[in-house]
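Here is how the chains run, residue by residue.
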Amino acid sequence: MRYELYRDAGGQWRWRLRVQNGNVIADSGEGYVRREDCERGIALVKKSGEASIVDMTTKIA
């Protein structure tokens, strides 16, 4: 897998996470004015491996 940093049509920084078969499995969902902020977004996603999983289907009643 790899994170790709790029500029969108409006000139803002974005990232996407691409797997070996070429599919994008995640993206920034928003543009960043500063590259540093975009890189910070990637760092947050990398840390999300520690996040818990919540089954929201049990929350709907």
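Here the structure is a predicted model, which is why all the values come from computation and not from measurement. Here the residue index of a chain counts from 1 through its sequence in written order. With the structure being a predicted model, the display of local features is reserved for residues of pLDDT at least 70 and the display and counting of side-chain atom pairs for 80 or more, all residues being used for whole-chain, interface and lining totals. Side-chain figures throughout are based on the complete set of non-hydrogen atoms in the structure, without hydrogens or water.

### Quick look at the pairing of strand E1 (residues 2–7)
Of the pairings in the sheet, the one linking E1 to strand E2 (residues 13–18) comprises 6 bridges and is antiparallel in character. The residue of E2 that forms the bridge with Tyr3 is Leu17. Each pair of strands is called paired provided DSSP finds at least two bridges between the two strands. Secondary structure elements are taken from DSSP: a helix is a run of H or I of four residues or more, a strand is a run of E of two residues or more, and numbering for both begins at the N terminus. Turn length for the E1-E2 hairpin, with the two strands adjacent in sequence and antiparallel, is 5 residues, and the turn residue Gly11 shows positive phi of about 85 degrees.

### Describing helix H1 (residues 35–47)
Since there are 3.6 residues in each turn of an α-helix, residues three or four apart along the chain are aligned in direction. Expected helix span is given by 1.5 Å per residue-to-residue step, counting one fewer step than there are residues. The end-to-end C-alpha separation of H1 is 19 Å, in line with the 18 Å expected for 13 residues at 1.5 Å each. Any residue under 20% of the maximum accessible area for its type is buried, any over 50% is exposed, and the rest in between are partly exposed; the area is computed with a 1.4 Å probe on protein chains only. Of the positions making up H1, those classed as buried are Cys38, Gly41 and Ile42. Buried positions in H1, seen along its axis, are confined to an arc of 100 degrees and lie on one side of it. In H1, the exposed positions angled more than 90 degrees off the buried face are occupied by Leu44, Lys46 and Lys47. Here the arc refers to the directions that run from the helix axis out to each C-beta atom.

### A closer look at the sheet that holds strand E3 (residues 24–27)
Each strand in a sheet pairs with its neighbour through backbone hydrogen bonds, running either in the same direction (parallel) or in the opposite one (antiparallel). Overall, antiparallel pairing links the 3 strands, which are arranged E1-E2-E3 in an open sheet. Strands with a single pairing partner mark the edges of an open sheet, and in this sheet they are E1 and E3. Averaged over all neighbouring strand pairs, the angle between strand axes comes to 30 degrees, with direction disregarded. Relative to E3, E2 runs antiparallel, the two sharing 3 bridges. Across the sheet, Arg16 pairs through a bridge with Asp27, a residue of E3. Axis definition: a line fit to C-alpha positions, over the contact stretch in the case of helices; interaxial angles, taken between N-to-C directions, run 0 to 180 degrees.

Honestly, that's just the spatial picture; any functional story needs more than this.
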